[in-house]
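Structure assessment
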Amino acid sequence: NAGVTQTPKFQVLKTGQSMTLQCAQDMNHNSMYWYRQDPGMGLRLIYYSASEGTTDKGEVPNGYNVSRLNKREFSLRLESAAPSQTSVYFCASRPWTSGSTDTQYFGPGTRLTVL
Amino acid sequence: LAKTTQPISMDSYEGQEVNITCSHNNIATNDYITWYQQFPSQGPRFIIQGYKTKVTNEVASLFIPADRKSSTLSLPRVSLSDTAVYYCLVGDAQAAGNKLTFGGGTRVLVKP
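Residues numbered from 1 in each chain as written. Chains lettered and ligands numbered in written order. Predicted model: local features only at pLDDT ≥ 70, side-chain atom pairs only at ≥ 80, totals over all residues. Heavy atoms only, no water.

What follows deals with the packing of aromatic side chains. A full pass over the atoms with the stated rule returns seven aromatic pairs over all chains. Both rings, one in Tyr33(A) and one in Tyr35(A), keep their centres 6.3 Å apart while their planes meet at 25°; by these two values the pair is stacked. The class for Tyr33(A) is buried, based on a relative accessible area of 0%. Through a chain of ring-to-ring contacts, the aromatic side chains of Tyr33(A), Tyr35(A), Tyr48(A), Phe106(A), Tyr36(B) and Phe46(B) assemble into a single cluster. In this structure, Arg68(B) packs its charged tip against the face of Tyr51(B), placed 3.9 Å from the ring centre. (Phe/Tyr/Trp six-rings, centres within 6.5 Å; stacked < 30°, edge-to-face > 60°. Buried < 20%, exposed > 50% of the residue type's maximum accessible area, 1.4 Å probe, protein only. Lys NZ or Arg CZ within 6 Å of the ring centre and 35° of its normal.)

Dropping the structure here:
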């Protein structure tokens, strides 16, 4: 049981390049999330998927797109990377069943640098 | 989403109890209070969650007064490995999206 896995661990891009960050969870969780964390700051929600087949914007969605490929996988795409997107990106998942209170489980993060 | 305010940093020594208070004056009826811990270069990890009164688990205790406008995370007998950033979050833990708003967190430094 690997939990939440993210690939790649590190990435360097040039301005204007595109890339997709991958996230997968093997806990059969319904909800998945993408956050970014800038140095010395808290996490900010980019997009989330409450359940398979749905996605919604979070606090900072501009410049990103997401795909909930299936129940296990939730990818984040940068179409045209900008230096302002240099950050650490965390994926998280949550069991979520109606009426329950549960919490999010986070992956190890992807460190992205845009030159 | 309710905004939270917590101290920027705290120092402590091994074996002491650490108490971190978080203010959330506009907490809503459906909101729960959740604390996460984050070590450098790692994702946040759930510590404890509560709605009212006191909650205790093997790691920490969470004290919530009747008005729920603040909460206190208590870490008993800290060790060097408890050095981390601690985040207080308030939100509807039962909501489908359960969007979490992370503030700046409290950096706890445990000294020998």
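Moving on: the pattern of salt bridges. Residue and element names in this part refer to chain B. Scanning the model with the defined rule gives four salt bridges over all chains in all. Of the charged contacts, one joins Lys111 and Asp11 as a salt bridge, the two residues approaching to 3.2 Å between their closest N and O atoms. In this pair, Lys111 sits in strand β9 (residues 106-111) while Asp11 sits in strand β1 (residues 9-13), placing the two residues 100 residues apart along the sequence. Residue Lys111 is classed as partly exposed on the basis of its relative accessible area, which comes to 27%. (Salt bridge = Lys/Arg side-chain N within 4 Å of Asp/Glu carboxyl O. Helix = DSSP H or I, 4+ residues; strand = E, 2+ residues; numbered from the N terminus.)

Further remarks concern the interface of chain A and chain B. If you look at the interface, chain A gives 24 residues, while chain B gives 23 residues. At the boundary of chain A with chain B, total buried surface from both sides reaches about 1,800 Å², with 51% on carbon and sulfur atoms. Seen at the junction of chain A and chain B, the total is zero salt bridges. Here chain A is connected to chain B by four residue pairs in polar contact (both at pLDDT 80 or more). For the side of chain A that touches chain B, the elements supplying multiple residues, two or more each, are β4 (31-37), β5 (43-49) and β9 (87-94) of chain A. Examining the composition of the side of chain A that touches chain B, we find that four residues originate from one element, β4(A), more than from any other. Tallied by class, residues from the side of chain A that touches chain B come to eleven nonpolar, ten polar and three charged. (Contact = heavy atoms within 4.5 Å. Buried area = accessible area lost by both parts, 1.4 Å probe. Polar contact = N/O pair within 3.5 Å; in protein donor to acceptor, adjacent residues only side chain to side chain. Nonpolar A, V, L, I, M, F, W, Y, C, P; charged D, E, K, R; others polar.)

Geometric descriptors of this kind do not, in isolation, establish any biological role.
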